[in-house]
Amino acid sequence: MVTAEQARRLDIARKQPAVPGVRLVDQVGRDFLLDAWVKQNNSLLVVEFIYTSCQSLCLALGTEFQQLQRSIVAQGLQDRVHLLSVSFDPAHDSPAVMRKYAERMQAQPATWTLATVRDARELPTLLRTFGVTVIPDQLGGFQHNAALVWVAPAGRLVRVTDLDANGLRYLLDELASS
């Protein structure tokens, strides 16, 4: 029997869906189309979905990104790998709120971007493409699945890994040695 999460991972690996042309706004208020931005950066993109007021799972994701950022910088891979945290709570997570979160997480803009959708009506397309389920928890927060989604430089989702991203660390080591 395959779980819903396993099915999501297999589906992404098999279909390799294209990143949608959703307009995002980052922590400094800069707008960009996600699909064009991915292709322009021409690097492996690792994406997580969060909301900044989360005190549990999202902090674990942020801690993982902090460690990945350190590895990327230490190995000089800033031009080959980029991290993207996408908030699915655009009503709360304005650029100013995300900027504070980025400062708290010590996100270096050359390596790690935080963003949310410019228009909340585009959020379902983004979540659906990445296979992210978000359910309001009736306490002002959300229940959501969490994983790291790899996006190839050509703009296609290629893999989903757990928070314990040993596979990604292995890839970083491979990129550093090539």
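Reference entry: report on the structure contained in this document. All values reported here derive from a predicted model rather than from experimental measurement.

**Side note on the overall build of the chain**
Regarding its fold elements, the chain presents six helices and nine strands. Looking at the chain residue by residue over its 178 residues, the buried ones come to 46%. Carbon and sulfur atoms form 53% of the exposed surface of the chain, whose accessible area is close to 8,800 Å².

**Describing the sheet that holds strand 5 (residues 112-117)**
Paired through backbone hydrogen bonds, the strands of a sheet run either parallel or antiparallel to each other. Strand order in the open sheet formed by seven strands is 2-1-5-4-3-8-9, and the pairing between neighbours is mixed. The sheet is open, and its two edges are formed by strand 2 (31-33) and strand 9 (157-161), each paired on a single side. Along the sheet, successive strands turn relative to each other by an average axial angle of 35°, direction set aside. Two strands pair when backbone bridges link them, and strand 4 (residues 81-87) and strand 5 are joined in this way by five bridges, in the parallel orientation. Across the sheet, Ser87 pairs through a bridge with Thr116, a residue of strand 5. Helix 4 (residues 95-105) rests against strand 1 (23-26), strand 3 (44-50), strand 4 and strand 5 of the sheet, and its axis sits at about 155° to strand 5. Sheet strands touched by helix 5 (residues 123-130): strand 1, strand 3, strand 4, strand 5, strand 8 (148-151) and strand 9. Its angle to strand 3, the strand with the most contacts, is close to 115°.

**A word on the pairing of strand 9**
When strand 8 meets strand 9, the two strands line up antiparallel, connected through four bridges. Its bridge partner lying in strand 9, Trp150 is registered against Arg159. From the end of strand 8 to the start of strand 9, which pair antiparallel, there are five residues, and Gly155 there has a positive phi angle of about 95°.

**What about the pattern of salt bridges?**
Tallied over the full model, the rule gives five salt bridges. We note a salt bridge from Arg14 to Asp11, for which the minimum N-O separation is 3.0 Å. Linking Arg14 with Asp11, this pair stays in helix 1 (residues 4-15), spanning three residues, or about one helical turn. A residue is classified by how much of its surface remains accessible, and Arg14, at 61% relative accessible area, is exposed. Asp11 sits in the partly exposed class, given a relative accessible area of 27%. Taken together, the shared-partner salt bridges in this structure form one network comprising Asp11, Arg14 and Lys15.

**With respect to the pairing of strand 3**
With seven of seven residues buried, strand 3 lies mostly within the body of the structure. Alternating residues of strand 3 divide into Leu44, Val46, Glu48 and Ile50 and Leu45, Val47 and Phe49, and every residue in both groups is buried. Both strand 3 and strand 4 contribute to a ladder of seven bridges, which runs parallel. The residue of strand 4 that forms the bridge with Val46 is Leu83. Both strand 3 and strand 8 contribute to a ladder of three bridges, which runs antiparallel. If you follow Leu45 over to strand 8, its bridge partner there is Val151.

**Details of helix 5**
Turning to helix 5, its buried residues are Leu123, Leu126, Leu127, Thr129 and Phe130. One side of helix 5 holds all its buried residues, which, seen down the axis, span an arc of 165°. Gly131 lies just past helix 5 and shows a positive phi near 70°.

About the criteria used
- Residues numbered from 1 in each chain as written.
- Predicted model: local features only at pLDDT ≥ 70, side-chain atom pairs only at ≥ 80, totals over all residues.
- Heavy atoms only, no water.
- Helix = DSSP H or I, 4+ residues; strand = E, 2+ residues; numbered from the N terminus.
- Buried < 20%, exposed > 50% of the residue type's maximum accessible area, 1.4 Å probe, protein only.
- Areas by Shrake-Rupley, 256 points an atom, 1.4 Å probe, with all protein chains shown as cover.
- Pairing = 2+ DSSP bridges.
- Axes fitted to C-alpha atoms, helices over the stretch in contact; angles between N-to-C directions.
- Contact = heavy atoms within 4.5 Å.
- Salt bridge = Lys/Arg side-chain N within 4 Å of Asp/Glu carboxyl O.
- Arc of directions from axis to C-beta.

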